[in-house]
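Chain by chain, the residues run as shown.
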Amino acid sequence: MKKLLFMLVLAVASVSVLAGCSGGNALVIWVGSESQEFYAEKMDLYVEEYNSTHEEKFPYKISVLAADTGTAAATFLDDPEAGADIFTVAHDNLGKLTAGSSAIAPVTNPDLLAQIAADNPDPFLEVIKASVGGVEYTFGVPYVAQDLVLYYNTDYITATQVETWEGILDAAIASNKQALSLTGTDGFNNSFLVLARNAETNESTLKIYEGGVQEECYARGDDTVAVMKWGQRFFTHPNGAKAPTDSGWETELHNVISLSVIAGSWDFGPAKAALGSKLGVAVLPTFTITEDDAYGTVEAGTVFQSGTFVDTKMFVMKKNSEKAAYLQDIMLYLSSKEMQEESFEEAENLPAYKNAPIEFEAFLEDTVEAELARAQVEMFQYGMPQPFGYSTKFNTYYYSKGAPDLIMDILENTDDLFTEDSAILAQLEIIETIWKTGIRPE
């Protein structure tokens, strides 16, 4: 009975805390849990500065709360009135937030628009916009970036070998290990070959909802076929790449079953725990097409750079908020390059600021954290933002209608069905159709 009474009291207390944080006269900001303490302190300073420079005190209490950025958009849409005034989302959530009449407000502050234009790489400037009622607006304010890099075992792979998949494979053969573990076979964590591009021209024929158009998908170029052929050799080699197993990539790294893994900054902690002082971080490697891989216009000797999705986390603001007069100035403050530099140093958030590698002192330090930051920013030039914010259908079609499994079938040559070029090309055509329609053709 006492235990039940205690649980009831605890439940009531929890509800009261949440109600106090999210409602009433509070101006509520949602950020990732890793950043909550940092941004809470910064907003305290913001209010102090505001109060020292204005005759009237800042009229609201500011509550900075931790929220899962992966589900923040859905949480907000469940009850926009109770949702945060400013919240963090990945850019590919923009479509669901602006569908219909839009649940979020566009950026209109000239100073904030100018800062966004000056500080961000071109790919980010495109994915923070959406059209409502036939008019295009800027809705997102980038302040964090993320992409995929390579974590590797420096005891087995040299600084030269890690530059190419062939070098990593040589290291794996010499030690009788696996060259690579994947963290997942989904279309994000296993995108390094699909998104690969010519290393000399930095170009690819691949199209995934180009320009936000559903029909603008293309996966049958000579370069894509050649890359898939190379990838099949890599995945079917006894010491090559391997799909995820029940043991998990962390165990495989720690027990030196595999020598490297493709992962994001969110996996840095587990990678460091697995390898300790042996952890190295690098941009995703290049690979070279051989006579066995050459196809059409893509000749043997062509070098390809592994690709990645490059995403931004951004602030957006509630539409018709009673605190609207204050929101854009806060976002201007929280997304400034100075704040992004501090956020990197204090909370290890990778900045979206395009000049961070040459302007931020912490990027130049001799630490594995700085190595991770430099590798991520260098991968910006070899990546593309996930193009799924234009429509809620795109994410589902790309990830959840079977296309990633069909790509793995090519790479692993399932049941020896993809030995011939024609079979690979036919499979790529099916994948392309799924991207466009969400339906696998019979």
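Rules of the game
- Residues numbered from 1 in each chain as written.
- Predicted model: local features only at pLDDT ≥ 70, side-chain atom pairs only at ≥ 80, totals over all residues.
- Heavy atoms only, no water.
- Helix = DSSP H or I, 4+ residues; strand = E, 2+ residues; numbered from the N terminus.
- Buried < 20%, exposed > 50% of the residue type's maximum accessible area, 1.4 Å probe, protein only.
- Polar contact = N/O pair within 3.5 Å; in protein donor to acceptor, adjacent residues only side chain to side chain.
- Contact = heavy atoms within 4.5 Å.
- Core = buried A, V, L, I, M, F, W, Y, C linked by side-chain atoms within 4.5 Å.
- Domains from an automatic or database assignment.
- Buried area = accessible area lost by both parts, 1.4 Å probe.
- Salt bridge = Lys/Arg side-chain N within 4 Å of Asp/Glu carboxyl O.
- Pairing = 2+ DSSP bridges.
- Axes fitted to C-alpha atoms, helices over the stretch in contact; angles between N-to-C directions.
- Patch = residues over 30% accessible without salt bridge, like charges linked within 9 Å, V, L, I, M, F, W, Y side chains within 5 Å.
- Areas by Shrake-Rupley, 256 points an atom, 1.4 Å probe, with all protein chains shown as cover.
- Lys, Arg positive; Asp, Glu negative; His and termini not counted.
- Charge placed at Lys NZ, Arg CZ, Asp CG, Glu CD.

1. Thoughts on the side chain of Gln340
Along the chain, Gln340 turns up in helix H12 (residues 337–347). Here Gln340 falls in the buried class, since its relative accessible area comes to 3%. Here Tyr353 takes part through its backbone nitrogen, which lies 2.9 Å from a polar atom of the side chain of Gln340. Among all residues touching Gln340, those that are not within four sequence positions of it are Pro142, Tyr143, Ser335, Pro351, Ala352, Tyr353 and Phe360.

2. Observations regarding the nonpolar core
Formed by 79 residues in total, the largest nonpolar core has its most connected members in Tyr151, Trp165, Met228 and Trp435. A total of seven residues in this core trace back to one element, the largest contributor, which is helix H8 (residues 222–236). In this structure Trp435 touches Val194, Leu206, Lys207, Ile208, Tyr209, Cys217, Ala219, Tyr397, Tyr398 and Ala403, once residues within four positions along its chain are discounted. Counting 50 residues, the second largest nonpolar core, distinct from the first, contains Leu94, Ala130, Val316 and Met317.

3. As for the domain arrangement of the chain
Split into domains, the chain comes out as domain 1 (25–145 + 311–374) and domain 2 (148–310 + 386–436). Taken together, the contacts link 14 residues of domain 1 with 17 residues of domain 2. Between domain 1 and domain 2 lies a buried interface of about 1300 Å² when both sides are counted; carbon and sulfur atoms form 57% of it. Contact with domain 2 buries area across many residues of domain 1, yet Asp92, Asp311 and Leu372 alone supply 44% of it, more than any other trio. Counting across the domain 1 and domain 2 interface gives one salt bridge. Two residues, Lys272 and Glu369, come together in a salt bridge whose shortest N-O distance is 3.0 Å. On inspection of domain 1 and its partner domain 2, the count reaches four residue pairs in polar contact (both at pLDDT 80 or more). When residues of the side of domain 1 that touches domain 2 are traced back to their parent elements, those giving at least two are helix H4 (94–98), helix H6 (122–127), strand E17 (311–318) and helix H14 (368–379).

4. Section: the sheet that holds strand E13 (residues 279–282)
The sheet built from five strands is open, its strands ordered E11-E9-E12-E8-E13 with mixed pairing. Single-partner strands in this sheet number two, and they are strand E11 (241–242) and E13. Here strand E9 (residues 180–182) pairs with E11 via two bridges, running parallel. Within E11, the position partnered with Leu180 by the bridge is Ala241. Packing of helix H7 (residues 165–175) onto the sheet brings it into contact with strand E8 (149–153), E9 and strand E12 (260–263), and relative to E12 it is tilted by some 140°.

5. Let's talk about a negative patch on the surface
Side chains of Glu37, Glu41, Asp44, Glu48, Glu345, Glu346, Glu361 and Glu365 sit close together on the surface and give a patch of like negative charge. Within the residue set of the negative patch, elements represented by two or more residues are helix H2 (36–53) and H12. With respect to the helices, strands and loops of the structure, Glu365 is situated in the loop between helix H13 (356–359) and H14. Classification of Glu365 by relative accessible area gives partly exposed; the value is 42%.

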